[in-house]
Amino acid sequence: MWFNIGKLLLMGILITCVFADQGCLAGEDTTSISDKCYECSRINDNAERLQCYDKIMGRTSEELPVAESDPQPVEEAQDTEPSLLSRKWQLDDASRRQRFAIMPYRQNYILPVTYNFHQEKQTYESANPGTKIQDEEIKYQLSLKIKLWEDILGKNMDLWFGYTQISLWQFYNTEFSSPFRETNYEPEILLNYRTDMDVLGLMKNRFIQVGFNHQSNGRGDPLSRSWNRVVANFGFERDNFNLVLKTWARIPESNDKDDNRDITSYLGYGELWMGTVWRDYHLGLMLRDNLRFNDNRGAMQFEVSFPLIEHLNGYVQYFTGYGESLIDYNHYANRVGLGVMLKDW
């Protein structure tokens, strides 16, 4: 039996030698082939082990099939993070991938501590005899928007509805029931045209908006204040700097319905908003002027926000000038406040 097994093994070696064009028929030592096969079997790398066996069998590299390498995962090009204006108005595809029905519009903040160094008190106190107004107030703003119509008629135009509410709350005036001194309600509708035009190689114009704006305080006489405007806004940016020019024209009202006929003498016909990022700080500046040299009035608001916790930023605001609120449109204010701002989502 063992003799037959030996014969079979010898026959296998002879067949191997014949197909390899080498081996015993050519006078090659069968023991050397066995040793070579054993050495090949000890190679861990699959490709090298196969190459070793092919060499024993006499297969040249030209005869070997080209091994297809495993496809390497293609790294997707990382999208550039959308700019501030793109995120706010969904100006490009990247900013539209994850969108919400309701989005933040202007800043959403609360300033639990504010102090007005030039608080106007007579207007409110004369309408509410016996009430004494304090210089300390809570100031907060809620501002949201929603897209009503995207790509109108297949063009780069979207229709938006926005709503902003700002309140001045005499929270610490407990002696007089902590009244809300003023609340302004500001709905507006905006047609936003998405652009990407170069402006003299300095900045890019990212949007042009036209729309209708209503602002009022919902009060009766003598504290009623309101006006309607046709607005046109222009957004520009360069790197992390952005600039928004807001312009308006007041829609005239009849004298018997006009509670603030001289409001443009104080608030003018537009304002300029600028913003940038410095390290982890977001800096913002608003400038407004009535452009009247003989009776000049204006306003400035400077703001700083910085990381605080996951969904909130610390927020500092300083306002000086006219028109902080409708009730104060013709009174000078000089206010500083500290609080928190809700991050954009």
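This text goes with the structure placed above it.
The following paragraphs examine the structure supplied in this document. (Residues numbered from 1 in each chain as written. Predicted model: local features only at pLDDT ≥ 70, side-chain atom pairs only at ≥ 80, totals over all residues. Heavy atoms only, no water.)

Helix and strand content of the chain: six helices and 13 strands. A burial count over the chain gives 38% of its 345 residues as buried. Taken as a whole, the chain presents about 21,000 Å² of accessible surface, with 58% of it coming from carbon and sulfur. (Helix = DSSP H or I, 4+ residues; strand = E, 2+ residues; numbered from the N terminus. Buried < 20%, exposed > 50% of the residue type's maximum accessible area, 1.4 Å probe, protein only. Areas by Shrake-Rupley, 256 points an atom, 1.4 Å probe, with all protein chains shown as cover.)

Another aspect to go through is the nonpolar core. Core analysis: the biggest nonpolar cluster contains 18 residues, and Trp 89, Phe 207, Trp 227, Ile 263 and Leu 267 have the highest contact counts within it. Elements with a minimum of two residues in this core: helix 4 (84-89), strand 7 (226-238), strand 8 (241-250) and helix 6 (263-267). Among the elements that line this core, the one with the most residues is helix 6, at three residues. With residues up to four places along the chain from it excluded, the contact list for Phe 207 reads Leu 85, Trp 89, Leu 91, Asn 192, Tyr 193, Thr 195, Asn 233, Phe 234, Gly 235 and Val 244. (Core = buried A, V, L, I, M, F, W, Y, C linked by side-chain atoms within 4.5 Å. Contact = heavy atoms within 4.5 Å.)

Following Asp 221, the chain continues into Pro 222 via a peptide bond in cis, with omega recorded as 5 degrees. Mapped onto the elements of the fold, Pro 222 is located in the loop between strand 6 (203-216) and strand 7. A positive phi angle is found at Leu 153, which is not glycine, with a value near 55 degrees. Mapped onto the fold, Leu 153 is located in the loop between strand 3 (136-149) and strand 4 (157-169). Residue Leu 153 is classed as exposed on the basis of its relative accessible area, which comes to 71%. In the Ramachandran plot, Leu 200 falls in the positive-phi region, its phi being about 55 degrees despite a non-glycine side chain. Here Leu 200 lies in the loop between strand 5 (180-199) and strand 6.

A separate point is the packing of aromatic side chains. For the structure on display, the rule yields 15 aromatic pairs. Arranged with centres 6.4 Å apart and planes meeting at 90 degrees, the rings of Tyr 140 and Phe 180 form a pair that is edge-to-face. Separated by 40 residues along the polypeptide, Tyr 140 in strand 3 and Phe 180 in strand 5 bring together distant segments of the chain. Residue Tyr 140 is classed as partly exposed on the basis of its relative accessible area of 22%. One aromatic cluster is present, formed by Tyr 140, Trp 169, Phe 171, Tyr 172 and Phe 180 through successive ring pairs. Over the ring of Trp 160 we find Lys 145, and its NZ or CZ is 5.5 Å from the ring centre. Here the basic side chain of Arg 229 rests over the ring of Trp 248, its NZ or CZ set 4.7 Å away from the ring centre. (Phe/Tyr/Trp six-rings, centres within 6.5 Å; stacked < 30°, edge-to-face > 60°. Lys NZ or Arg CZ within 6 Å of the ring centre and 35° of its normal.)

Looking now at the side chain of Asn 213. If you trace the backbone, Asn 213 turns up in strand 6. Its relative accessible area of 2% is what places Asn 213 among the buried residues. Within the structure, Asn 213 has its side chain in polar contact with the side chain of Glu 188 (distance 3.3 Å). (Polar contact = N/O pair within 3.5 Å; in protein donor to acceptor, adjacent residues only side chain to side chain.)

Inspection of the sheet shows strand 2 (residues 109-116) paired to strand 3 by five bridges, in the antiparallel sense. Among the inter-strand pairings, Tyr 109 is bridged to a residue of strand 3, identified as Gln 141. As paired elements, strand 2 and strand 13 (residues 332-342) share six bridges and run antiparallel to each other. Along strand 13, the bridge assignment pairs Thr 114 with Gly 337. (Pairing = 2+ DSSP bridges.)

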